[in-house]
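Here is what each chain is made of, one letter per residue.
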Amino acid sequence: MNSPETLVTYKDYTLLESLFRSERNEIKMAKRNSDGQTVILKQSVLLNENISRASKLAHEYEIIKDLNHTGIPKVLDIVYEEKAVTLIQEYIDGSDLKSLFFHKKLTISGV
């Protein structure tokens, strides 16, 4: 059984940090070697020839590749390899909702 520790590391990127990891997926922050741009790599392992994970990332790629909004990270590429598929997106600095929820008091203004 493959795990995120065995995922392919792409020669075009220098890994900086693993942001999230499960048995099936890993989200990593990396620098693109060609220009130093910080990117996010969303990587899924294909287990037992199960292509549903690859299909989900491919679907995400198709939905957001042409969107142009400051709140949505731009999709730069999708890479298919033997045992993994990786969606490459621009990195946008900020906090995730989970961190905000547990570390700050959230309010709903205007209610």
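Residues numbered from 1 in each chain as written. Predicted model: local features only at pLDDT ≥ 70, side-chain atom pairs only at ≥ 80, totals over all residues. Heavy atoms only, no water.

Some thoughts on the overall build of the protein chain
What counts, and what does not: By definition, any uninterrupted DSSP run of H or I lasting at least four residues is a helix, any uninterrupted run of E lasting at least two residues is a strand, and each is numbered from the N terminus. For each residue, the accessible area found with a 1.4 Å probe, counting protein chains only, is set against the maximum for its type, and the residue is called buried under 20%, exposed over 50%, and partly exposed in between. Residues are treated as being in contact if the distance between any of their heavy atoms lies within 4.5 Å.
Scanning the protein chain from terminus to terminus reveals two helices and five strands. Each helix and strand of the protein chain, ordered N terminal to C terminal, gives the series β-β-β-α-β-β-α. The buried share of the protein chain, taken over its 111 residues, is 29%. Within the protein chain, counting contacts between residues at least 6 apart in sequence, those at least 24 apart form 37% of the total.

Observations concerning the sheet that holds strand β2 (residues 25-32)
Which entries qualify depends on this criterion: Strand pairing requires that DSSP identify at least two bridges connecting the strands. For helices, the fitted line uses only the C-alpha atoms of the stretch in contact; every axis is such a line through C-alpha atoms, and the angle between N-to-C directions lies from 0 to 180 degrees.
In space, the five strands of this open sheet follow the order β1-β2-β3-β5-β4, with antiparallel pairing throughout. Edge positions in the sheet fall to β1 (13-21) and β4 (75-80), since each has one partner strand and no second. The mean inter-strand angle of the sheet, taken between neighbouring strand axes irrespective of direction, is 25 degrees.

Observations concerning the environment of Phe20
Its place among the elements puts Phe20 in strand β1. Ignoring anything within four residues of it in the chain, the contact list for Phe20 reads Asn25, Glu26 and Ile27.

Observations concerning the side chain of Ser44
Rule in force here: Contacts described as polar in this section are N or O atom pairs within 3.5 Å, which, within protein, must combine one atom able to donate a hydrogen with one able to accept it, while residues neighboring in sequence count only if both atoms come from side chains.
Tracing the backbone through its elements, the reader meets Ser44 in strand β3 (residues 38-45). On the basis of relative accessible area, Ser44 is assigned to the buried category, the value being 4%. Only 2.5 Å separates the side chain of Ser44 from the side chain of Asn25, close enough to count as a polar contact.

Considering the pattern of salt bridges
Our working definition: Salt bridges are defined as contacts in which a side-chain nitrogen from Lys or Arg sits within 4 Å of a carboxyl oxygen from Asp or Glu.
Summed over all chains, the structure comprises four salt bridges. The salt bridge partner of Glu26 is Arg21, with a shortest N-O separation of 3.1 Å. A residue is classified by how much of its surface remains accessible, and Glu26, at 3% relative accessible area, is buried. In this structure Arg21 comes out as partly exposed when scored by relative accessible area, which is 44%. For the salt bridge of Glu62 with Lys65, the shortest nitrogen-to-oxygen distance reads 3.2 Å. The exposure class assigned to Lys65 is partly exposed, which follows from its relative accessible area of 34%.

Structural notes on the confidence of the model for the protein chain
The predicted structure's coordinates, where accompanied by low pLDDT, should not be read in detail. The line we're drawing: On a scale of 0 to 100, pLDDT captures the predictor's confidence in every residue.
The predicted model of the protein chain has a mean per-residue pLDDT of 80, with 84% of residues at 70 or higher. Within the protein chain, helix α2 (residues 97-103) has the poorest average pLDDT of any element, 75, and β2 the best, 91. Under a pLDDT of 50 for its full length, residues 1-8 has, in the predicted model, 23 contacts with residues more than four places off or in other chains.

A short note on helix α1 (residues 52-64)
The following threshold applies: Here a helix's expected span is defined as the number of its residues, less one, multiplied by 1.5 Å. The reported arc concerns the directions from the helix axis to the C-beta atoms and nothing else.
End to end, α1 covers 18 Å across 13 residues, agreeing with the expected 18 Å (1.5 Å per residue, within 8%). Turning to α1, its buried residues are Arg53, Ala54, Leu57, Ala58 and Ile64. Along the axis of α1, the buried positions cluster into a sector of 145 degrees, meaning they face one direction only. Residues of α1 that are exposed and angled more than 90 degrees away from the buried face: Lys56 and His59.

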